[in-house]
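Descriptive structure summary
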Amino acid sequence: MELKNDAKLYVQIDYPVEGKEFDQQVYEEAVAFVNTMAKERYCKVGVFTNVHGAMGIFEAESLEEAHAIAQSGPLIKHGLYRYELYEWQVVITSETTCSLA
């Protein structure tokens, strides 16, 4: 899904909860959750390759909606990961040039 011009974006950083492991079923739930979300709103999700954890950038109407989305993710809902959430204002995109004073 394309990013709307007036979109509010949120960055979710997920950290694994020590001592918790997820199985194939939870993994499949998480993949289905992200795929569904990506059909409904702008969404980019990936895992870190040098540390345990993941990050997602997604569109939401408000911080409250963003928290509701984050909390409904299977890895968070099952208590396997915890998250931090930040509102993110896009200033520069690849199509934009800028000069920093």
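Let us look at the structure shown here.

The rules behind each value
Residues numbered from 1 in each chain as written. Predicted model: local features only at pLDDT ≥ 70, side-chain atom pairs only at ≥ 80, totals over all residues. Heavy atoms only, no water. Helix = DSSP H or I, 4+ residues; strand = E, 2+ residues; numbered from the N terminus. Buried < 20%, exposed > 50% of the residue type's maximum accessible area, 1.4 Å probe, protein only. Contact = heavy atoms within 4.5 Å. Areas by Shrake-Rupley, 256 points an atom, 1.4 Å probe, with all protein chains shown as cover. Salt bridge = Lys/Arg side-chain N within 4 Å of Asp/Glu carboxyl O. Core = buried A, V, L, I, M, F, W, Y, C linked by side-chain atoms within 4.5 Å. Pairing = 2+ DSSP bridges. Axes fitted to C-alpha atoms, helices over the stretch in contact; angles between N-to-C directions.

Glancing now at the overall build of the protein chain. Along its length, the protein chain carries three helices and four strands. Counting from the amino terminus, helix and strand elements in the protein chain follow one another as β-α-β-β-α-α-β. By its C-alpha atoms, the protein chain is 45 × 30 × 20 Å across when sized along the principal axes. Classification of the 101 residues of the protein chain by burial places 30% in the buried group. Summarising the internal contacts of the protein chain: among those between residues at least 6 apart in sequence, 71% fall at separations of at least 24. If you sum the accessible surface of the protein chain, you get close to 7400 Å²; carbon and sulfur atoms cover 52% of it.

Take the pattern of salt bridges next. Summed over the entire model, instances satisfying the criterion amount to two salt bridges. A salt bridge links E84 to R82; the shortest N-O distance between them is 3.9 Å.

In this structure, Y10, F58, A60, A66, L75 and L85 are the most contacted members of the largest nonpolar core, which totals 16 residues. Where this core is concerned, the elements lending two or more residues are α1 (24–40), α2 (63–72), α3 (74–77) and β4 (81–88). If we ignore the near neighbours within four places in the chain, the residues touching Y10 are G56, I57, F58, A60, S62, L63, A66, L85, Y86, E87 and W88.

Okay, the sheet that holds strand β2 (residues 43–47) next. Here we have four strands laid out as an open sheet, ordered β2-β3-β1-β4, and antiparallel in their pairing. Of all strands in the sheet, those with a lone pairing partner are β2 and β4, marking the two edges. Taken pair by pair, the neighbouring strands of this sheet meet at an average axis angle of 15°, ignoring direction. In this structure, strand β1 (residues 9–16) lies alongside strand β3 (residues 54–59), joined through six bridges in antiparallel fashion. Paired with Y10 across the two strands is F58, which belongs to β3. Packed onto the sheet, α2 meets β1, β3 and β4 and runs at close to 155° relative to β4.

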